[in-house]
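# Notes for the structure review
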Amino acid sequence: MINGIIGRKLGMTQLFAEDGTVIPVTVIKAGPCVVVQKKSAAGRDGYNAVQLGLVEDKPIKMKRVTKPMRGHFEKTGGGLPPTRVLREIRLTEEPEAEIGEQVKADLFSDGDMIEVVGKSKGRGFAGTIKRHNFQRGPMTHGSMNIRRPGSIGQSASPSRVLKGTKSSGHMGDARVTARGLTVAKVDAENNLIMVRGSVPGPNGGLVVVKKSEKQKG
């Protein structure tokens, strides 16, 4: 059974519970997606997965499709138009879905626990306080160490900066998986999923929504 879908983060809004409680949610336009390829552990791939293509309102022009990608879609039988976005969803069992089968937001139900994979916002070059939550130095008595990281060297041994030492550098723009999120509401008609919790990435960014292996109950 397919347990994930491709979508785009639209932004945040709020829902109201029956008792009047305000629930902040992130809205994701999930799909519709189409199965482009199947992989099985018994085959040459060695693992179970499906490759999904995101069907968007504005289809890609054929002159924009490269020859390798055109050949990849022709292997499906020629009935599927190329898509801009392709993502692979790993499965625990051999996929039963057929090539060309659609995957929509009704894959999820209210209350499902999910995890969302996306690319975080790029923050550019950042110092250690912003990037790693370092504490700042004293602000008074002529201190020259207000936002500096401090000493990271050694004396005699090993006389070098160890690999992996937290330092300033490029922040964000990395693959992030947000776990422990909950589906607050599903609008299957409009392919919308309201997620309780924060979702990585900017508005309009691509995300992959997958059912969590640890469900409540």
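None of the values given here were measured: they were computed from a predicted structure. (Residues numbered from 1 in each chain as written. Predicted model: local features only at pLDDT ≥ 70, side-chain atom pairs only at ≥ 80, totals over all residues. Heavy atoms only, no water.)

## A look at the overall build of the chain
Within the chain, the secondary structure is distributed over two helices and twelve strands. Starting at the N terminus, the α and β elements of the chain follow one another as β-β-β-β-α-β-β-β-β-α-β-β-β-β. For 217 residues, the compact-globule formula gives about 17 Å, and the C-alpha radius of gyration of the chain, at 23 Å, lies well above that figure. Projected onto its principal axes, the C-alpha coordinates of the chain cover approximately 70 × 50 × 40 Å. (Helix = DSSP H or I, 4+ residues; strand = E, 2+ residues; numbered from the N terminus. Rg over C-alpha atoms; globule rule 2.2 N^0.38 Å.)

## Quick word on unusual backbone geometry
For the bond from S157 to P158, the omega torsion is 0°, close enough to zero to count as cis. Here P158 is to be found in the loop between α2 (128-132) and β9 (169-171). A positive phi angle, near 55°, is found at D173, a position not held by glycine. Positive phi, close to 55°, is recorded for N191, a residue that is not glycine.

## Thoughts on the sheet that holds strand β4 (residues 49-54)
Here four strands make up an open sheet; going across it, the order is β5-β4-β3-β6 and the pairing antiparallel. Single-partner strands in this sheet number two, and they are β5 (86-90) and β6 (102-103). The pairing of β4 with β5 spans five bridges and is antiparallel. Across the sheet, the residue bridging to Q51 is E88, located in β5. (Pairing = 2+ DSSP bridges.)

## Section: the sheet that holds strand β2 (residues 22-30)
One closed barrel holds the six strands; their spatial order is β1-β2-β11-β10-β7-β12, and the pairing between them is antiparallel. Taken over all neighbouring pairs, the strand axes of this sheet differ in orientation by 50° on average, direction set aside. Across nine bridges, the pairing between strand β1 (residues 4-16) and β2 is antiparallel. Of the residues in β2, the one forming a bridge with K9 is I28. (Axes fitted to C-alpha atoms, helices over the stretch in contact; angles between N-to-C directions.)

## Brief notes about the side chain of S143
Tracing the backbone through its elements, the reader meets S143 in the loop between α2 and β9. Polar side-chain contacts of S143 include one of 3.0 Å to the backbone oxygen of P138. (Polar contact = N/O pair within 3.5 Å; in protein donor to acceptor, adjacent residues only side chain to side chain.)

## Overview of the nonpolar core
Counting residues in each nonpolar core, the largest one holds 31 residues, and the members touching the most others are L52, V103, F108, I114 and V209. Looking at this core, the elements with two or more residues in it are β1, β2, β3 (33-39), β4, β7 (113-119), β10 (175-187), β11 (192-196) and β12 (206-211). Each residue touching V209, except ones within four places of it in the same chain, is listed here: N3, G4, I5, I28, F108, I114, E115 and V116. Among the nonpolar cores identified, the runner-up in size contains six residues, and L15, I23, L192 and M194 belong to it. (Core = buried A, V, L, I, M, F, W, Y, C linked by side-chain atoms within 4.5 Å. Buried < 20%, exposed > 50% of the residue type's maximum accessible area, 1.4 Å probe, protein only. Contact = heavy atoms within 4.5 Å.)

## Some points on the pairing of β1
Here β1 runs beside β12; their pairing, made up of five bridges, is antiparallel. In the sheet register, I6 faces β12, and the bridge partner there is V208. Following β1, the chain reverses through five residues before pairing antiparallel with β2; G20 in that reversal takes a positive phi of roughly 90°.

## A closer look at the pattern of salt bridges
Per the stated rule, a full pass over the model turns up six salt bridges. Put simply, E56 and R8 hold a salt bridge, and the shortest N to O gap is 3.1 Å. Of this pair, E56 sits in the loop between β4 and α1 (67-74) while R8 sits in strand β1, placing them 48 residues apart in sequence. One network of salt bridges, in which partners are shared, links R8, E56 and R84. (Salt bridge = Lys/Arg side-chain N within 4 Å of Asp/Glu carboxyl O.)

## What to know about the side chain of T128
As for its placement among the helices and strands, T128 is situated in helix α2. T128 gets classed as buried once you look at its relative accessible area, which sits at 4%.

## Let's talk about the environment of G100
Looking at where G100 falls in the secondary structure, it is placed in the loop between β5 and β6. The partly exposed category is assigned to G100, whose relative accessible area is 32%. Expressed as a C-alpha distance, the spacing of G100 and V34, which sit 66 residues apart in the sequence, is 5.5 Å. Excluding residues that lie within four positions of it along the chain, G100 makes contacts with V34, V35 and L80.

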